[in-house]
Every structure is written in structure tokens, then in C-alpha cells.
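Below, each chain spelled out in residue letters.
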Amino acid sequence: MPSQPPLPFAVSQPHAREAGAVLDQLNSSPAGLDSAQAEQRLRQAGPNSLPAPPRDSPLKRFLLQFHDTLIHVLLASAAITALLGHWVDTAVIAGVVTINAIIGFLQEGKAEAALEGIRRMLSVQAQTLRDGEWRNIDAGTLVPGDIVRLRAGDRVPADLRLIETTGLRIEESALTGESVPADKQPAPVAADAPLGDRSPLAFSGTLVAAGRAIGVVVGTGTDTEIGRINRLIANVETLQTPLTRQMARFGKGLSMIIVGLALLMLGIGLGLHAFPLDELFLAAIGFAVAAIPEGLPAILTITLALGVQRMARRNAITRRLSAVEALGSVTVICSDKTGTLTRNEMTAREIVTRGGRYAVSGTGYRPAGDITLDGELVELAEHAHLNALIEVVAIANDTELGQDEDGEWRIAGEPTEGALRALAGKAGFSGDDHVRHAAIPFASEHKFMATLNSTPTGLRRILLKGAPDRLLDRCRRELDSDGLPEMLDRNFWESEIERLAGQGLRVLAAAARSAPDGQSTLAIDDLDDMVFLGLIGIIDPPRPEAIAAIASCHAAGIRVKMITGDHAITARAIGIEMGLGDATSLKVIDGPAIEAADDDTLRRLARDCDIFARTSPEHKLRLVMALQASGEVVAMTGDGVNDAPALKRADIGVAMGIKGTEATKEAADIVLADDNFTTIEHAIEEGRTIYDNLKKAILFTLPTNGAQGLVMLVAVLFGLTLPLTPVQILWVNMVVAVTLALALAFEPAEPGIMQRPPRAPGKPLLGALFLGRLLFVSLLIGGATIAVFEAELAYGLPLDTARTSAVTTLVVAQAFYLFNARFLSAASLRPDLVFTNRAAWIALAILLLLQLAFVYLPPLQTAFATTALSGRHWLLATAIGLAVFLLMEGEKTLIRHLERKRVDE
């Protein structure tokens, strides 16, 4: 018997085909599969689960932390110190490298955790028609062609093509970004319909908010929409942050310079001065030890770690150390709308009756706020038409509103109905004394809900709320401003509907009429000759604090773009309210336009447009990549599964900690504990501060090494006695420099830090100005050290005393230079800035105690070959340090003057 051809599990565009055609292609029927068919298909299609990707072993992931040029330089310095026999130095350097690797290993979020978060979203059980009867089976055994039944509260177990629906609404915000549940129905839609408009499909991992349905499985495991996102996350490459790129370049350049100068020393020492080879070799190694900033990686790591702690206190939880400084270079923030810029809590914004247009204040589900007419507070009892509308939306409502144990207002039911419950609370209407006799639940076919109730006075009324066009069709009269019925003016209401919709509001209508005293049932036919009461405009409101944060970002030169799955009109209205642009300049494009754009066109669109609507996960990912291709440093925020691939690709992925899905949190670099966009602005400010402090630490540390290296280099080149011994170099490098440089990690933000533009992504870590400063300070301190050493020898002092005086001069000059380095350009003697960092003064006191011990304690004198100094030596070192400080302040003053002159021109 010939083998059967493989079953056609992949159904192309099932949302665009009739349900019967999809069943035929799957070789299935409304009666479902039998067990034998299901087992065969399970063998062919595989389980309905997301496979775990291959993972690196913990050992490999740990070893990868050492794959960095600066770490290689540091390891080389450890090897050099080991060759010199300075085992304490070797142990300290090795410890710094190991600690750095451990921190990186523990902090960096892995994609495997993101995939696991998505896998946890899949349901455990599914109600399936097998062998002609309904069974609860393990969702992992579902196969294409299975018939599945959905009810309110179920999590959709696989991608389904719906066959029958009754009032089905599915919460898809984690997948599409829409803030309200999507209406579902079996009729096919256009083949190119965006994800959020594919109403005949129910997607795996989403939640049934209301109604019931029967559908056929068209995708399982990795062939589902959520499985496709899973593959996107697995395939997305993460980029290096600006600091890691710059430090890599810096490490390579530094290592080449050090090796080149060491070889130059060997050549000159042998060719010109005929030094013994072993002595010359040790001198060259001593130069390398002096020039390599062994403490710098530790200082950088500690600076970043302190930044992480400060950010945590501001509700930004950092999952990767390098992400902290990368925030400071962000040029574009791509933000999801729902739950990020907005509250993800529907709110009634405006009411329209024949009595006027009522404004409603307050946001979210908290029933606190005012209803005003022309700025005047409204009392419900004085506005019969408004009271009638509030009665409908409060009573014809199945959603419960209440406070949780944390005092937060939560809903159990539909977000739209939750907004109407909160509206009733603001109006002071409880409705507890109304009795319901019958109801017609909301269904996508008729798009309304109706109830039959008894009022407190015993009258029976039919209350109707829903889509305005459907209610207008059932009304011949409306309630006038005096609360009396009159003929319906449909043109008026349609113009009001258009006005509200143009503001991005979701529009609902309310109607009512009296019912006979004995009526106890309710049917569709009873909903004729209703009295139209008015309209309610509902929106997922912007976070007020996010509006201010966006303005601050704009002032800092950072562009904010909204990328959402919501409709263009709604996104545009929110964008204008958020301050992303005004009504004339704001540019909006939608998913189909993104889909049709090639890479070059998309780069232009990504640069020029402010809002991207009806986007899919692939669109978000492509937009982030397009911005990065244009040289932007991109931060992507979001809270849904659909955001995870773009979050992982972005330079900085920012997830919402409260409403964010586990998959999104695990894919992100930073998690906002309070879901507040303002925290992103604070984090960017902190990132800029950290980057400044890193630069300050480098500008302080490198001249120390440069001065020491210069001392060793000049001594060899000119055949002089070495002014410093290797062990004294170790003292300055690892004790003094680190003690002082750590103080810079505690520097607060410089004035006006959020009024300057982001640093250019390709800008070198140290530009020509700072390289010049570095060289100048190295020459000043190194030259002064050599001069003091030679002067003391000429004065007739012993070699050890001359070296002790030289080391003290080097250390004191560095202490004075610390106060120059505290501010990159501002004057260091400004009264309002001198005492802003207590750590600097504490470090200075510690340094003084350490240097006194170095000079006067016998055990340290023995270890470091030092001798006691007189007051003259300390006065000389202090005078040189003060001269260094004043010269560097003069340099900063000149730079500020030239900068102001350039701006004026």
C-alpha cells in the first residue's frame, strides 16, 4: 500500500478563507478528529509547545565574560607582574578580572529566560472534540485539525480559525498592543489585514474575556503567532553598547601604544646606553606595569554598580551593567503606547447629551473625579438627561470594580465597562437598588448589551448600551435638555460621533425606554422604539507624568516615537496629547506601509515619522533595526510579548515591571518597577551622570599611569637612575589612584545635564580636547616628579629619600588634580559645587593617612624602600600640586571661553 502524503498542516492565510475551506485543507470536519488521526498528526507535527533552544553551558557563558580586549590587556598586565614576582599585584589584578566576570555572568539577562517566559503563557488544558465527544486534554497534544471549544476565562491553547462565535471577545494586548479586547467573528477578512484586525483567528496564549466559540486548530507550537515571536527572539542579535564599543577600541589602542613604547625602550636602551639585557627587560616590564591602568576596570565596574543602586532607588531595575551607561547615549526612545505612555486603564473622557458636552476628570479605574459643564461642577440630580445616561451605563454593566489589598482599583471584567463603572462612581450613582430581571449579553453580531431592570420606584426599564450606529438604528426619539423625549436628530449625533472619534476616543452610546410592569424576559425584538440618551467618549489616557517626561526628553535632544498595535486615529490623538508633535507636524504611518517599504525607504520613514500604528512584532523589530542603521542609539520600551524581539534588539530594552509579561522582562536590559515613563527619563539622566563619572575616572586615572610611564620612559631613554621602583609604582597604581578615583563614582549630576544633546554614538570616549588634557597633565605631573627626584639627588640626599620625595610629589599632585577632574568643564571652585561630593573629601583624608603611613611606618618603609621626609619635602609637593590645580583650572576657563565664543558666532 503506498504511503500517504504528508498532511498539509500549514494553512496559508486562514483569516482570509472561509472556515469550511480551512477545514477541508486540514482534512478535518466540524466533528473533529479521532484518536488515531490525532496520534498520527502529533508524530508528524510535533507537540504543541515551544522548544527550548540550545544553550551554552554555564562554564562557557562564564568564560565568554573574558572575551574583551580590555580584559586581555588586564590579563597581560597580571602575567607581567607575575614575571616580575610581584604576587600581591598579580593577585589583585586577577581578583579584579574575576569579580568583573562574575558580575557580568550574574547580571546579563539571557534569551533563554525570555523564551521560558513565553512558554509559560501557553495553556495547560484544552477542551477538544475527539472521537465525537468533548474532552479536556493536555494542550501540548493538540494537532492541526483538532476542534477546540473556548469559553470566558480560557487561555487560547493554539492558533485557531474560528467556526462559530457567540459574543466572543479576546484580550490580545500582550500580542497586538490594543488596550481593549478584540471582537471575534467567523467571517473572513482581507489577506493583508494587520494582526489586530484578523477577527476570525484566536491566537495561542491570549485570554478569552467574554463569550464562547468553537474553532479549528491551524497552528501549534512554533507555527503559532506566539511561536513566531519566539523564533524572532531566538534569532535577534544583541548589539554592543556604546561604552563596550568605545572601551574595546580604547583597550586595543592602549595596548598597541604600551607595547610599541616598551619595544622602543628596549631598542634605545640596548643601542644607545648598552644597559644589561636583564635590567633593561625588567625596566621595560616596569614601564608596562606603570602604563597599564590596572585599577581602571575595577573603577568602571564599581561606578556602574553604584549607578545601578541609584537607579534602583528611582524604580529602574538594571539587569545588565553596561546598559546603565548606554542610557546616557540614547538618541531615540521607541515607546509602546498601551501601558507605557498610557495607563492601560480605559477612562471616560467626555459625555455628550442634548444638555451639552460634559468633561470628565480623573484617570484610570479610580472612581474619583469631577463631571463639569462649561467649567461648572455638575450635580446629577439637576441634570435629568445626564442621570438617565449614567443609569444605563452603570446598570447594564457586568464588570465589578473594587480595591485590592494594596489600595489599587481593579476590575473583574471588560475594561470598557470598568471605565463606565468608574464614571458612575464619579457621578455618585451606585445602582445597588436596581433589580435585574433579564439581559441580552454583548455579542459582536449586534454590538450592544441590554438589560431589563426594576428601578427603586418599581418601574421596569429596558437599558441599552453599545455601538452608536446600532443604537441609532433602534431609536426614533432622543432625550432633550429638559429630560423630555423629542424626535431624534440623527445628523447631530453622527457629527458628534465623528468629532469624538477624531479625537481618538472610543465612542459608546446609551438608550432606554419604559417596559410593561409584568415583563420578565428580554429579546432583540424588544429593543425597538428606544429613546437615545447620549454618547460617552472613552480612551486609555496618557500618564500625566509621561507628558512632562517626554518634554524633558525633547529638551535633552532625545526623540520619542510611539510604536503601537492600536489604530492610527487613536495613536495620533494620544501622540498629540503626549506632546510628540502638533496636529500639523505629527507624521503617522501604519503597518501595511511599513510592510511595503524596502530597507532604504524604512530608514527614511523611521527617521521622519513620529507614530507607527497597527504594527506587528516584525514591524517593531524592523523599525528598531532601521533606526540603528541610521546611527541612532535606540531605547525600546514595552510590556507585551509582541515587544520582546524589539526589546532584545534595541541598544536598551526597557520593560514594564508591573504590567509587563515575563517574556518581556527577561528580554529587557532594564525593568521599570513602577511602569512609569518618567522613570525612563530619570534613568537617562542617571546614565548620563554615570557616563560623565566614567569619563572623569578615566581622565583622572590615565594621567596617573601616563606620568608614571613617562617617568620610566624618560629614565631609560636618557640613561637616568629610575625615580620609581616597580613596588612603588604598584603603591601608586593600586592604592592611591584607586582610592581617589573611586570618589568620582559618587559625583552627582553636573548642572544642565538634561539640557545638552546626547553624545554622538560614534564619538570617541576621549576626544581631542580630553586627550590633550590627559597628555598635558601627564607631562605636568611626570615632569614635576622627575624634576623633584633629580633635584633631591643633586641636593645630596640618599637615593631612597629622593624616591620617597618623588612618590610623595606624584601622589600629592594627583590629589590636587582629583578636584580638577570632578568637573569636566565647570569651575572646580564654585561655592555651590565644592562640597557636593563628600566622598572626595573622605578619599582625600584616607589618602593622606595612607601616604603618611607609606612615608613614616617602619614596616612600609621596609616593604617599599622609603624613608621619613621633612616638612620641606611636604611643602614642595603641596606647592607643585597647587600649581597643577591652578594650571588645569586655567585650561578649563580657556575652553569655556572658546566654547562660548563659538556659540555666539
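Residues numbered from 1 in each chain as written. Predicted model: local features only at pLDDT ≥ 70, side-chain atom pairs only at ≥ 80, totals over all residues. Heavy atoms only, no water.

Asks: Can you lay out the overall build of the protein chain for me, pointing to particular residues and giving the numbers?
Replies: Tallying secondary structure elements over the protein chain gives 31 helices and 28 strands in all. Residues counted as buried form 55% of the 905 residues belonging to the protein chain. In the protein chain, of all internal contacts separated by at least 6 residues, the share reaching a separation of at least 24 is 71%. Surface summary for the protein chain: the accessible area is close to 36,000 Å², and the carbon and sulfur share equals 59%. (Helix = DSSP H or I, 4+ residues; strand = E, 2+ residues; numbered from the N terminus. Buried < 20%, exposed > 50% of the residue type's maximum accessible area, 1.4 Å probe, protein only. Contact = heavy atoms within 4.5 Å. Areas by Shrake-Rupley, 256 points an atom, 1.4 Å probe, with all protein chains shown as cover.)

Asks: Now, about the packing of aromatic side chains: what can you tell me, with residues and values included?
Replies: Evaluated as defined, the whole model comprises eight aromatic pairs. Centre to centre, the rings of Trp731 and Phe854 are 4.8 Å apart; their planes meet at 25 degrees, and the pair counts as stacked. With Trp731 in helix H26 (residues 726-743) and Phe854 in helix H29 (residues 838-856), this residue pair connects regions lying 123 residues apart in the sequence. A relative accessible area of 0% means that Phe854 is categorised as buried. For the ring pair Phe819 and Trp841, a centre distance of 4.9 Å and an interplane angle of 50 degrees mean the geometry is tilted. (Phe/Tyr/Trp six-rings, centres within 6.5 Å; stacked < 30°, edge-to-face > 60°.)

Asks: Explain the sheet that holds strand E9 (residues 332-335) residue by residue, including any values.
Replies: Read from one edge of the open sheet, eight strands run E8-E28-E27-E26-E9-E23-E25-E24, paired in mixed fashion. In this open sheet, the two edge strands, each paired with only one partner strand, are strand E8 (316-318) and strand E24 (588-590). Strand-to-strand, the axes of this sheet are offset by a mean angle of 20 degrees, without reference to chain direction. Two strands pair when backbone bridges link them, and E9 and strand E26 (residues 634-638) are joined in this way by four bridges, in the parallel orientation. Of the residues in E26, the one forming a bridge with Cys334 is Met636. Where helix H19 (residues 568-578) meets the sheet, its contacts fall on strand E23 (559-563), E24 and strand E25 (611-613), and the angle it forms with E25 comes to roughly 155 degrees. Packing against the sheet, helix H21 (residues 599-608) makes contact with E23, E24 and E25, and its axis sits at approximately 115 degrees to E23. (Pairing = 2+ DSSP bridges. Axes fitted to C-alpha atoms, helices over the stretch in contact; angles between N-to-C directions.)

Asks: Please give an account of the nonpolar core that cites residues and values.
Replies: Residues Ile333, Phe532, Leu535, Ile652 and Phe677 are the most contacted members of the largest nonpolar core, which totals 126 residues. Per-element tally for this core: the top contributor is helix H25 (residues 677-717), with 18 residues. With 34 residues, the next largest nonpolar core counts Met346, Tyr358, Ala396 and Ala512 among its residues. (Core = buried A, V, L, I, M, F, W, Y, C linked by side-chain atoms within 4.5 Å.)

Asks: Just give me the short version of helix H2 (residues 35-45), but keep the residues and values in it.
Replies: Put simply, Asp34 is the residue that caps the front of H2, since its side-chain oxygen is 3.2 Å from the backbone nitrogen of Ala36. Of the residues flanking the end of H2, it is Gly46, one or two places downstream, whose phi is positive at about 85 degrees. (Polar contact = N/O pair within 3.5 Å; in protein donor to acceptor, adjacent residues only side chain to side chain.)

Asks: Let's hear about the side chain of Thr128: which residues, and what values?
Replies: Tracing the backbone shows Thr128 in strand E1 (residues 125-130). Thr128 has contacts with Glu133, Trp134, Arg135, Ile137, Leu142, Asp146, Ile147 and Val148, leaving out every residue within four places of it along the chain.

Asks: Describe the pairing of strand E14 (residues 400-403), and please don't skip the residues or the numbers.
Replies: Here E14 pairs with strand E15 (residues 409-412) via four bridges, running antiparallel. Bridging across to E15, Glu400 finds its partner in Ala412. Once E14 ends, the chain turns through five residues before running back antiparallel as E15, passing Gly407 with a positive phi of about 85 degrees.

Asks: Can you lay out helix H22 (residues 617-629) for me, pointing to particular residues and giving the numbers?
Replies: Owing to its 3.6 residues per turn, the α-helix aligns residues three or four sequence positions apart on the same side. Between its first and last C-alpha atoms H22 spans 18 Å; for 13 residues at 1.5 Å apiece the expected length is 18 Å, and the two agree. Those residues of H22 not exposed but buried are Pro617, His619, Lys620, Leu621, Leu623, Val624, Ala626, Leu627 and Gln628. A positive backbone phi angle near 90 degrees is found at Gly631, which sits one or two residues after H22. (Expected span 1.5 Å × (residues − 1).)

Asks: Please give an account of the pattern of salt bridges that cites residues and values.
Replies: Scanning the model with the defined rule gives 36 salt bridges in all. Where Asp529 meets Arg476, a salt bridge forms, and the shortest distance between an N and an O atom there is 3.2 Å. Taken together, the positions of Asp529 in the loop between strand E21 (506-515) and strand E22 (530-539) and Arg476 in strand E19 (residues 475-479) put the pair 53 residues apart, joining distant regions of the chain. On the accessibility criterion, Asp529 (31% relative accessible area) is partly exposed. With a relative accessible area of 55%, Arg476 lands in the exposed category. Here Arg490 makes a salt bridge to Glu494, at a shortest N to O gap of 2.9 Å. Of this pair, Arg490 and Glu494 both sit in helix H17 (residues 490-502), four residues apart, which is roughly one turn of that helix. Here Glu494 falls in the partly exposed class, since its relative accessible area comes to 37%. One connected set of salt bridges, linked through shared partners, spans Glu350, Arg357, Glu496 and Arg499. (Salt bridge = Lys/Arg side-chain N within 4 Å of Asp/Glu carboxyl O.)

Asks: Explain a nonpolar patch on the surface to me, using residue names and the numbers behind them.
Replies: Judged by side-chain polarity, Leu848, Leu849, Leu852 and Tyr856 come together as a nonpolar surface patch covering roughly 360 Å² of accessible area. Tracing the sequence through the fold places Leu849 in helix H29. (Patch = residues over 30% accessible without salt bridge, like charges linked within 9 Å, V, L, I, M, F, W, Y side chains within 5 Å.)

Asks: Account for the packing of H21 against H22, naming residues and giving values.
Replies: With their axes 8 Å apart at the nearest point, H21 and H22 run at an angle of 85 degrees to one another. In terms of their interaxial angle, H21 and H22 are classed as roughly perpendicular. Here Asp599, Leu602, Arg603, Ala606 and Arg607 of H21 come into contact with H22, specifically with Arg622, Leu623, Ala626, Leu627 and Ala629. (Parallel < 35°, antiparallel > 145°, perpendicular 65-115°, else oblique.)

Asks: Describe the packing of helix H28 (residues 799-821) against H29, and please don't skip the residues or the numbers.
Replies: Two elements in contact, H28 and H29, have axes separated by 11 Å at closest approach and are oriented at 180 degrees. Comparing the axis directions of H28 and H29 gives the class roughly antiparallel. Taken together, the residues of H29 that come into contact with H28 (itself represented by Thr804, Val807, Thr808, Val811, Ala815, Leu818 and Phe819) are Ala840, Trp841, Leu844, Leu847, Gln851, Phe854 and Val855. Counted by class, the contact of H28 with H29 contains 11 nonpolar, three polar and no charged residues. (Nonpolar A, V, L, I, M, F, W, Y, C, P; charged D, E, K, R; others polar.)

Asks: Which residues make up the pairing of E19, and what are the values?
Replies: Bridge count between E19 and E22: three bridges; the pairing is parallel. Paired with Cys475 across the two strands is Met530, which belongs to E22. As paired strands, E19 and strand E20 (residues 485-487) are joined by three bridges and run antiparallel to one another. Looking across to E20, one finds that Leu479 is bridged to Pro485.

Asks: Now, about the environment of Gly20: what can you tell me, with residues and values included?
Replies: Inspection of the secondary structure puts Gly20 in helix H1 (residues 19-25). Classification of Gly20 as partly exposed rests on a relative accessible area of 39%. In sequence terms Gly20 and Ile163 are 143 residues apart; their C-alpha atoms lie 8.2 Å from each other.

Asks: For unusual backbone geometry, give the residues involved together with the corresponding values.
Replies: The phi dihedral of Asn315 is positive, around 75 degrees, even though this residue is not glycine. Overall, Asn315 belongs to the partly exposed group, its relative accessible area being 32%. Located in the positive-phi region is Ala865, a residue other than glycine, with phi close to 60 degrees.

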